[in-house]
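Per-entry structural report
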Amino acid sequence: MAATAVRYLRSVGSPTAATRRDEPLPRAASAPPRPGRPALRAVRADERLPLDPAEFRRVLGHFASGVTVIAAIDEEGPAGFACQSFSSLSLDPPLIAFMVARTSTTWPRIARAGVFCVNILGADQGELCRGFAVSGSRRPDKFAGVPHRPAPVTGSPRLPDVPAWIDCTVHAVHTGGDHLVVVGRVRALGTDDLAARSGPLLFHRGEFTTLAPHSQDRSKP
C-alpha cells in the first residue's frame, strides 16, 4: 500500500512527502538528461552490455502492446501517465503489474497515494493518450479539461469511455534497471462494452495502431 511505495522511494532517494520534489536523482554517465527531467544512472559504465539503445528499441518495438493511463489522486490533485508496459500478473491473489521509468516525475505522486486506477484505452483514444504521454515536468496538470470520476474502491481517476478499468492498491515495488516494476493488488474492475466495440489502442514500432477489422479473431491462442 502507500507505506510500501514510500519506503521504496526513501530507500532509493526519490522524492517523498518528507523530501523536496525538485531534488535531482543521480546523473547517468552515458548521456545528458532530457530537458525538464532528472537523469538516472542505473548501472556502472563497465557493466553496460555492447548494445545500441536505438537498436534495442527498434527490435523490441516489434512487440505490439496495449496502451493504458495509470492515474491516482494525491494532495495536489489528479496525476497520471501513459503506460504501455502493463500486464496481468496473478489470478490468486488478483495482481497486475506495470513498469515506469525511475526518472518519472508523476510516479512519486502515485506512490505517495498508494492507490491507482489503470485505464485501458480504446482505438479512438490516441489523442487522449498523447496528453498523458508528456512528461509531468513539462505539463504538470495533464487532467486539465479531461473529465473523470472516482473508481469505486480507491477513488482514483476513471477516464470516460475507456473499454476497461482496474482499481488497485500498490502491493509491491521492485527495481528493474532504469525502471521500476510496480505490482498492484486489484480491488475492483469493470468494462464498458460499448467503448470496447472500437477495439484496443495498440502501440507498435513507435506508433499508435489498431486491429484491422479482418484480424479481430475471437479465438483463443
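Below is a short write-up of the structure.

**Let's talk about the packing of aromatic side chains**
- The tally for this structure, following the rule as stated, stands at four aromatic pairs.
- On the basis of an interplanar angle of 80° and a centroid distance of 5.0 Å, the ring pair of Phe 132 and Phe 143 is categorised as edge-to-face. Highlighted residues: Phe 132 in helix 4 (residues 126–133) and Phe 143 in the loop between helix 4 and strand 7 (149–150), separated in sequence by 11 residues.
- Residue classification places Phe 132 among the buried residues on the basis of a relative accessible area of 1%.

**A closer look at the sheet that holds strand 2 (residues 68–74)**
- A sheet is described by the order of its strands in space; here seven strands give the open sequence 3-2-6-9-10-5-4, paired in antiparallel fashion. Taken across any chain shown, the strands that pair with only one partner, and hence form the sheet edges, are strand 3 (77–83) and strand 4 (86–90). Along the sheet, successive strands turn relative to each other by an average axial angle of 35°, direction set aside.
- Of the pairings in the sheet, the one linking strand 6 (residues 115–120) to strand 9 (residues 164–176) comprises six bridges and is antiparallel in character. Directly across from Val 115, in strand 9, lies its bridge partner Thr 169.
- Along the sheet face, helix 4 touches strand 2 and strand 3 and points at about 110° away from the line of strand 3.

**Thoughts on the pattern of salt bridges**
- One pass over the full model with this rule turns up four salt bridges.
- Residue Arg 109 is joined to Asp 74 by a salt bridge in which the shortest nitrogen-to-oxygen separation is 2.8 Å. Of the two residues, Arg 109 sits in helix 3 (residues 107–113) while Asp 74 sits in strand 2, which places them 35 residues apart along the sequence. In this pair, the class of Arg 109 matches that of Asp 74, namely buried.
- For the salt bridge of Asp 74 with Arg 112, the shortest nitrogen-to-oxygen distance reads 3.9 Å. Here Asp 74, found in strand 2, pairs with Arg 112, found in helix 3; they are 38 residues apart in sequence, far enough to count as distant.
- In this structure Asp 74 comes out as buried when scored by relative accessible area, which is 11%.
- Overall, Arg 112 belongs to the buried group, its relative accessible area being 12%.
- The network of salt bridges with common partners includes Asp 74, Glu 75, Arg 109 and Arg 112.

Calculation rules
Residues numbered from 1 in each chain as written. Predicted model: local features only at pLDDT ≥ 70, side-chain atom pairs only at ≥ 80, totals over all residues. Heavy atoms only, no water. Phe/Tyr/Trp six-rings, centres within 6.5 Å; stacked < 30°, edge-to-face > 60°. Helix = DSSP H or I, 4+ residues; strand = E, 2+ residues; numbered from the N terminus. Buried < 20%, exposed > 50% of the residue type's maximum accessible area, 1.4 Å probe, protein only. Pairing = 2+ DSSP bridges. Axes fitted to C-alpha atoms, helices over the stretch in contact; angles between N-to-C directions. Contact = heavy atoms within 4.5 Å. Salt bridge = Lys/Arg side-chain N within 4 Å of Asp/Glu carboxyl O.

By themselves these figures say nothing about function.
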